Each structure stands twice: as structure tokens, then as C-alpha cells.
Amino acid sequence: MSLLAPIAQVEIRERTGESCVADNGFCPSWIADNYDRYVTPFIEHVVLTVVSVSVGFAIAFTLALIAHRRRWLIGPIAGVTGVLYTVPSIAAFFLLQPITGRGNLTAIVALVAYTLLILFRNIMTGLANVPAETKDAARGMGLTDRQLLWRVELPLAVPEILAGLRIATTTTIGLATLAFFAGGGGLGAQIDAQIFFKSNVVVAGGLAVLLAAAFDLIILRFQKRVTPWQRPAVPA
Amino acid sequence: MSVVALLGPFGDAIDFVLHERESVSGGVQVGGLGEIGRFAALHLILSAVAIAAAIAVALPAGLYLGHKGRGEFLAIGVSNVGRAVPSLALLAFFLAYLGIGFTNVAVVLFLLAVPPILTNAYVGVRQVDPDAVDAARGMGMTDAQLIRKVRLPLALPTIFAGIRLAAVSVIATATIAPLANVQTLGEPIISPQIYGGAGQLGAAIVVALITLAADAGIGFLQRAVTPKGLKLAEGSQPRRRRLSVALPTRRERTT
């Protein structure tokens, strides 16, 4: 069975929409027959994105909490993450290879480096935008520094933090299309494999765009749920 | 020992950039300052054309929309859409439907550069202190004068952040231009069968350096064009963040 299945697929491919493929058109029948070749790259793409953004968030969040206490660190951290952000990811994929080898690890390290500035900056902005009166009130109620941070400042910073997470996620999905240069697979490998074939480009590129839109919506829904006080008041 | 192992590939890559050598496939000489210089020149010309065109279109549009307070959905939304469309997908789409060549790649890069410039110009202008605008109107300035003499200078930091963001992403994306037969610095990266691993790494180093230099250069340009009066005021105010991306504001802050 496992031997016969690929042969059967090849035959179907050759039968359906042959002239459309030969003319390099946009071929729905070819897409219907070949959607299976996008499943693995799509999953790779999701994994790359989720792992990179999660690790990036953990690092940026830790850095932000440290910088929130020791203000003098903000400049150096913003400077270093700024340089990491400026180095093109495609260059980073090759610069890292002598150190981390070819594969997922290199792709993820480069993608993580790219998220740090966006996430760090937004977490810091969120914390800085907490109204001074609110903090005063919390202190007046006898909250310690730690309680103030976790119960007042961070909850109020959630919208900015999640706005940063949305930007970081969509950016990472875009950059992960280049991860195949580091041997990391993903939808970009599929685009590159048949870059002049319209049907392929539309499906692989379209999946990346849809993925970005889906993640964006998920984070937005999550934000609505965790910040119920943000719901717009109904005008009287 | 491990330091030597680490430096090995990097040393070889730097040697590739500096000195010609025979290609991996044999027969032709590749690398060296001459060839890398040609790649770098085309890389920069391609990027400069795209960025200049994007500034010419997006900056006036952003300033105007911001000044009128119209088209917020367009000015902000274009960035969200722009971020969601991967540069490789956009390039591939152009290649498959319109073909290869310098013009098509330049258009792709132009499309990448427009959103950050447009959004930041819009946001920068909207963020200008309304009191300053009122004062300028009270002095009898026309709309054109108001944009040029008040809004533009006060929005410069945000506008330049947008241009910087656009320039960095354009120079980065120009690296995949060889997929469309435009021989930028991505050529050794795309064709390792000719240029080898040293070529890939060497080109990556040059691309990274050019991007950092362009980023610093635009920062320098920003300081050069910022009016003296604003620089004086800067000392008393908290410094602007390096790369500010327009963010949805949480709430209108009343004072």
C-alpha cells in the first residue's frame, strides 16, 4: 500500500489539469490534487513561529522586568536588541551556521533575536504608560514592589504587551519564509522549490498570509478575554 | 581550540570577500573585492531606487492624511497588511505573474517600503501637539506652511524611524533579488554550488555590514536635518526610542 500510494498520486497529477500546469496557469485542480505537499511545510512554519516567539517573549519579558527595576539597563538592552533587529535575518541565518550548524536551531536563534526589540520595547512602553495616580493608590493600599508589579502594572500593560506580541508574531511568520536558507524548512522552502509556478506561489504564499492573520486574530481574542475592562463603554 | 574552529569559516569568508578564487564548480574566478563590489553596487542602487520612490509617494501621502486626520484605516492598516505578507511570497508572486528583472524587483521592494513610511508619517503628524498647530494657525499660516514648518519638523523623529525601518527591510530583501536574476549580494547566497560556503558567509557578512551602515547613516541624516531649535529642546526631554513602530494607543491620555 505504502509503495502504491505515491504511484497513484503521480498518475492523478499527470491526468488532471495537465495543460493548465504546462501553461503555468493558476490551476485549482492541481492545487486540490497536491495540497498534501503543503501540510508538512505548514506545520514546520507553525512550529518555527510558536517556538521562536515563545522563547523571544520569555527572554524579552525577563529583560524588561530587570530593566524596570534597574533603569540604567534600558539603554544598553535597547541598543543590543536594536542591532539584532537591524541585521537582516537572511544574513543572520548564514552568520549563525558556523556556530549552531544547519537546521532548525539556527533558524530559531535568528528568529528569536529578531523578536526581542519589538517585545522588549512594547513591554517597557506598557509599564511606562501605567498612570502614576494608579501606582500611588496601590502604594497607599500598602502593596509591596512585587505586588505592585504583578497586580497593577503588568495587568494594565497587557494591551501594549499583546500589541507587541502581535507585531512580533506576524513579523516572525514573514521572516520564517526565509528560514529554509538556514535549513529550517517552512513554507518558504515550498515557495522557493517552484518559484515560477503560479499555483504553487499563490498557495504557499497565501498559507503564510492566512497563518499571520489567524495568529493575529487569536491574540486579539485573547486580549479581549484577559482585559475585560477594556471593552468600550456603550454611549448613553 | 574551539575559537580557531569558530574563526575558521569566518576567516575563509573574509578571504573570499577580499581575494578572488576559483569557483567550487571550477573554471571561473569568483569573489574578491571586484565582484563583491559589483554585487554591492547593484544591491545599493536597487535599494536606493525603491526607497526613494517609496519616500516620494508615501511621505507626502502620510503627511497629508495625518494633517487632515483622514484615512486612518488606510494609513494604519497598510502596515498591518504589509507585515503579514512575507517578502519572499511577494517576490515569488511577482516572478510567477510578471516575470524576472530589475524593474519587477524594484517594485516589490517599493511595496515593502511604503507601509512603514506611510504609517509613521501619519502617526508622527497626528502626534504633533495640537497647541503648536493652533498657535501656528493663529499666526496665520496656510495649510501648506503648517505642514512644512510645524508638522513636518515636529514629526521628524517618527518619520525617520519609518524610513529607517523601510530601508533596513528593503536592503535585507534585496538579498533575495538574484531569484529574479538581479545580481545583488544575494548571488553568492543563492548559488552555493558556484560560490561555496565561504561565498555565502562572506556575502552575509557584507549584507549585515551594509544594513548596519545604512541604519547609522539615516540616523546621521536625521540629526543633520533636525532644526537646531528642536535639538535644543531634546536635551530637556526624554530621548526618542531608536526604532519606533506605530502602535495602537491604549487610551487617550487627558491631562
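In this text, all values refer to a predicted model and were calculated from it rather than measured experimentally.

1. So, the overall build of chain A
For step 1, the next point in the chain: Looking only at helices and strands, chain A has 11 helices and zero strands in total.
For step 2, the next point in the chain: Across chain A, helices and strands are ordered from the amino to the carboxyl terminus as α-α-α-α-α-α-α-α-α-α-α.
For step 3, the next point in the chain: Here chain A holds 236 residues, and the buried ones make up 41% of them.
For step 4, the next point in the chain: In chain A, 71% of the contacts between residues at least 6 apart in sequence involve partners at least 24 apart.

2. Let's talk about the overall build of chain B
For step 1, the next point in the chain: Along the backbone of chain B there are 10 helices and two strands.
For step 2, the next point in the chain: Element order for chain B, N to C, with α for helix and β for strand: α-β-β-α-α-α-α-α-α-α-α-α.
For step 3, the next point in the chain: When contacts within chain B are restricted to residue pairs at least 6 apart in sequence, those whose partners lie at least 24 apart make up 75%.

3. Re the nonpolar core
For step 1, the next point in the chain: One finds A:Phe93, B:Leu109, B:Ala113 and B:Val170 to be the most contacted residues of the largest nonpolar core, which totals 126 residues.
For step 2, the next point in the chain: The element that contributes the greatest number of residues to this core is helix α7 (residues 143–173) of chain B, accounting for 15 residues.
For step 3, the next point in the chain: Excluding residues that lie within four positions of it along the chain, B:Leu109 makes contacts with B:Leu46, B:Ser47, B:Ala50, B:Val170, B:Thr173 and B:Ala174.

4. Looking at the interface of chain B and chain A
For step 1, the next point in the chain: Contacts between chain B and chain A engage 38 residues on the former and 39 residues on the latter.
For step 2, the next point in the chain: Here the side of chain B that touches chain A takes nine residues from helix α9 (residues 192–225) of chain B, the largest share from any one element.
For step 3, the next point in the chain: Grouping the amino acids of the side of chain B that touches chain A by side-chain chemistry returns 29 nonpolar, four polar and five charged.

5. Points about the confidence of the model for chain B
Residue and element names in this part refer to chain B.
For step 1, the next point in the chain: On average, residues of chain B carry a pLDDT of 83, and 88% of them reach 70 or more.
For step 2, the next point in the chain: When mean pLDDT is compared element by element in chain B, helix α5 (residues 102–126) scores highest at 92, while helix α10 (residues 228–234) scores lowest at 67.
For step 3, the next point in the chain: pLDDT under 50 marks residues 235–255. Its contacts with residues more than four places away, or in other chains, come to 27 contacts.
For step 4, the next point in the chain: What the predictor reports for the complex is a pTM of 0.83 with an ipTM of 0.79.

6. Comments concerning helix α9 (residues 145–175) of chain A
For step 1, the next point in the chain: For α9(A), spanning 31 residues, the distance from its first C-alpha to its last is only 38 Å, which falls clearly below the expected 45 Å at 1.5 Å a residue.
For step 2, the next point in the chain: A bend of about 50° at A:Val158 is the largest found in α9(A), and the proline A:Pro159 appears one to four places after it.

7. Details of the packing of α9(A) against helix α11 (residues 198–226) of chain A
All names here are of chain A.
For step 1, the next point in the chain: Between α9 and α11, whose axes approach to 9 Å, the crossing angle comes to 170°. Overall, the two elements α9 and α11 adopt an arrangement that is roughly antiparallel. Each of Val-158, Pro-159, Leu-162, Leu-165, Arg-166, Thr-169, Thr-170 and Ile-173 in α9 lies in contact with α11, whose residues at this interface are Ala-208, Leu-211, Ala-212, Phe-215, Asp-216, Ile-219, Gln-223 and Val-226.
For step 2, the next point in the chain: Of the residues in the contact of α9 with α11, the class split is 11 nonpolar, three polar and two charged.

Cut-offs applied
Residues numbered from 1 in each chain as written. Chains lettered and ligands numbered in written order. Predicted model: local features only at pLDDT ≥ 70, side-chain atom pairs only at ≥ 80, totals over all residues. Helix = DSSP H or I, 4+ residues; strand = E, 2+ residues; numbered from the N terminus. Buried ≥ 20, exposed ≤ 12 C-beta atoms within 10 Å, placed from the backbone. Contact = placed C-beta atoms within 7 Å. Core = buried A, V, L, I, M, F, W, Y, C linked by C-beta atoms within 7 Å. Nonpolar A, V, L, I, M, F, W, Y, C, P; charged D, E, K, R; others polar. pLDDT = per-residue confidence, 0-100. Expected span 1.5 Å × (residues − 1). Bend = angle between axes of the 7 residues up to and from the residue. Axes fitted to C-alpha atoms, helices over the stretch in contact; angles between N-to-C directions. Parallel < 35°, antiparallel > 145°, perpendicular 65-115°, else oblique.

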